[in-house]
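Okay, here's what each chain looks like letter by letter:
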Amino acid sequence: LTSYLYKNSMLNFIDAYVQNINPINTPYVVGTLIDLGCDEEKIQALLNNVGHLCPVDALVEEVERRNKLKMLRMWLEARVAEGNKEPATHNARAKILVLTNDE
């Protein structure tokens, strides 16, 4: 479904799907979009729209598998700013800090 919608320039339907119908599938949608060469800004906008409804563990796994973990930095920082105490969120942030040599 994601491939079809992306190839037919229907990103707004992908956005509606992950926001309103099945936010649990967001990690797999993001993985597919990365594989299809979707612009990172569009993926980040999609994630920002879904927000805390997206499961962090699965998202980190899908993005890390494609060596794009740095793409999640701002999204993860927004989750922390919301008061997220989930270990997966903080572990992913730590991985990014190590990858980018930040403190």
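Up top is the structure these notes are about.
None of the values given here were measured: they were computed from a predicted structure. (Residues numbered from 1 in each chain as written. Predicted model: local features only at pLDDT ≥ 70, side-chain atom pairs only at ≥ 80, totals over all residues. Heavy atoms only, no water.)

Draft legend 1. Region of interest: the nonpolar core. Core analysis: the biggest nonpolar cluster contains 25 residues, and Val30, Ile43, Leu47, Leu59 and Leu72 have the highest contact counts within it. Among the elements of the structure, helix H2 (11-21), helix H3 (26-35), helix H4 (40-50), helix H5 (56-65), helix H6 (73-81) and helix H7 (87-100) are those that each provide at least two residues to this core. Discounting chain neighbours no more than four positions away, the residues touching Leu59 are Pro27, Val30, Leu47, Cys54, Leu72 and Trp75. (Core = buried A, V, L, I, M, F, W, Y, C linked by side-chain atoms within 4.5 Å. Buried < 20%, exposed > 50% of the residue type's maximum accessible area, 1.4 Å probe, protein only. Helix = DSSP H or I, 4+ residues; strand = E, 2+ residues; numbered from the N terminus. Contact = heavy atoms within 4.5 Å.)

Draft legend 2. Representation of H2 within the structure. Of all the residues in H2, the buried ones are Ile14, Asp15 and Val18. Considered in projection along H2, the buried side chains sweep an arc of 100 degrees and stay on one side of the axis. Set apart from the buried face of H2 by more than 90 degrees, the exposed residues are Asn12, Asn20 and Ile21. (Arc of directions from axis to C-beta.)

Draft legend 3. Representation of the pattern of salt bridges within the structure. Counted under the stated rule, the structure contains eight salt bridges. Notably, a salt bridge pairs Arg73 with Glu77, separated by 3.2 Å at the nearest N-O pair. One end of the pair, Arg73, and the other, Glu77, are both in helix H6, four residues apart, so they sit about a helical turn from each other. (Salt bridge = Lys/Arg side-chain N within 4 Å of Asp/Glu carboxyl O.)

Draft legend 4. Focus on unusual backbone geometry. Phi is positive for Ser9, which is not a glycine, with a value near 55 degrees. When you line up the elements, Ser9 lands in the loop between helix H1 (2-7) and H2. Residue class for Ser9 comes out exposed when judged on its relative accessible area of 67%. One non-glycine residue, Asn67, lies in positive phi territory at about 55 degrees. Mapped onto the fold, Asn67 is located in the loop between H5 and H6.

Draft legend 5. Representation of the packing of H3 against H5 within the structure. Running from amino to carboxyl end, H3 crosses H5 at an angle of 15 degrees, the nearest separation of the two axes being 8 Å. One element, H3, and the other, H5, form an angle in the roughly parallel class. Helix-helix and strand crossings are classified by hand; for H3 and H5 the assignment is right-handed. Residues Pro27, Tyr28, Val30, Gly31 and Ile34 of H3 touch H5, and the partners they reach there are Ala58, Leu59, Glu62 and Val63. Of the residues in the contact of H3 with H5, the class split is seven nonpolar, one polar and one charged. (Axes fitted to C-alpha atoms, helices over the stretch in contact; angles between N-to-C directions. Parallel < 35°, antiparallel > 145°, perpendicular 65-115°, else oblique. Left-handed = near helix turned anticlockwise from the far one by under 90°. Nonpolar A, V, L, I, M, F, W, Y, C, P; charged D, E, K, R; others polar.)

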